[in-house]
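Examination of the molecular architecture
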Amino acid sequence: MLSFMIKVGINGYGTIGRRIAHAVSLQPDMTVIGIVKTKPDYISRIASNTFNIFINDLKNKEDFNNRGIKVKGTLEDLAGDVDIMIDSTPEGVGEKNKQLYDENNIKAIFQGGEKSTVGESSFNAYSNFNESVNKRFVRVVSCNTTGLARTLFPIYNRFGIKHVDATLIRRATDPNDSKKGPINSIEPSLKIPSHHAPDLKTVISGINIDTVAIKVPTTLMHVHVVKAQLKEKASREEVVEEWNKYHRVLRVYGKEGLSSTAQIMDAAREMQSNRSDLYEIALWDESVSLSGDTLSYIQAVHQESDVIPENVDAIRAMFNLEDKEKSIEMTDKSLGIGRRNI
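Residues numbered from 1 in each chain as written. Predicted model: local features only at pLDDT ≥ 70, side-chain atom pairs only at ≥ 80, totals over all residues. Heavy atoms only, no water.

So, about the nonpolar core. Side chains of nonpolar character tend, in soluble globular proteins, to be buried together. Core analysis: the biggest nonpolar cluster contains 74 residues, and Val8, Ile35, Leu152, Val164, Leu200, Trp243 and Ile315 have the highest contact counts within it. At 7 residues, the largest contribution of residues to this core is made by helix α7 (residues 143-159). Leaving out residues up to four positions away in the same chain, Trp243 has contacts with Thr151, Pro154, Ile155, Val249, Leu283, Val288, Leu295 and Tyr297. Listed in part, the 15 residues of the second largest apolar core include Ile33, Val36, Leu78 and Ala79. (Core = buried A, V, L, I, M, F, W, Y, C linked by side-chain atoms within 4.5 Å. Buried < 20%, exposed > 50% of the residue type's maximum accessible area, 1.4 Å probe, protein only. Helix = DSSP H or I, 4+ residues; strand = E, 2+ residues; numbered from the N terminus. Contact = heavy atoms within 4.5 Å.)

Structural data, given as structure tokens:
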């Protein structure tokens, strides 16, 4: 295992990138060398107070200078000075950037919007941490897939699963994005299963799952309605006890007023977590039931932040810094996961 600090670059500082940068900066075994921005916007200005700013194109340097934002260098400069690049650029761009990372002989993590073939493995900390040990290119699966993996893996691992049917009610866009999303409309994905089913199989290879996705006009969270047919007999208490072993699954209670995604995110604000993020998957306790061998439950996924712990753990796996349990423990402690109760 390595004993030095891993030098990390963040290419793309949007919804996911800025949160990864913050999370990495909290770790004792890694440091953020710089972030890459394309525009001298308010996000760049705020970020420049904390991180070195690099740009994707030298032609943009004058625009940054004119707005008083100091530029450290280009993406190519950053790639030459880091051990690993976290690529959180828009969907499809990461695959184009892969050649640059390869040429600079550095490792890279891609996000769930990229095709699974972009990496040597896909990653979820609970279900397949070890598959990414010492790998050079890894993809962290999407927010929805991460949410499914977080709650299904404990059940799959303990009781076995014959088949899963999951309906994903997806937020239309993120809160800061005013250009996207259905307005006064509900948009079902006409492809069944949706892409989430094969994506989950990249991190839980033996699972049998069908998914349906529906996009709705909200920005707060995704909601999943899950039915899992178990191989082994289990009681509701045994299922809940298994989930309780995993800090990134957070049971919430409608009877305490947390009956909607709005209230869950309001609770996250009350807990004063960073950016009001909820890294955990919120699982409604009252929704958990067993009918014969079929387990049913409903969960909520904060799409802006649930993949952040996975990116940190993926770095440790790729450099073999710590084993699975130790890495998860370190990441959870740094982000306050497991110390909150709502």
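Having seen the structure, we can now continue with the description.
In this chain, Ile192 is followed by Pro193 through a cis amide linkage whose omega measures 0 degrees. Within the secondary structure, Pro193 is located in the loop between β10 (187-188) and α8 (196-201). Phi angles above zero are rare outside glycine, and Asn105 is one such case at about 55 degrees. The exposure class assigned to Asn105 is exposed, which follows from its relative accessible area of 62%. For Ser276, which is not a glycine, the phi torsion comes out positive at approximately 60 degrees. Examined against the element boundaries, Ser276 turns out to sit in the loop between α10 (261-270) and β14 (281-284).

Tallying each qualifying case throughout the model produces 21 salt bridges. Glu242 is paired through a salt bridge with Lys245; the nearest N and O atoms lie 3.2 Å apart. Classification of Glu242 by relative accessible area gives buried; the value is 7%. Arg269 is the salt-bridge partner of Asp266, the closest N and O atoms lying 3.4 Å from each other. Here the residue Asp266 and the residue Arg269 both occupy positions in helix α10, the gap between them amounting to 3 residues, near one helical turn. Residue Arg269 is classed as partly exposed on the basis of its relative accessible area of 43%. Among the charged side chains, a salt-bridge network with shared partners connects Asp29, Arg150, Arg248, Glu310, Asp313, Arg316 and Asp332. (Salt bridge = Lys/Arg side-chain N within 4 Å of Asp/Glu carboxyl O.)

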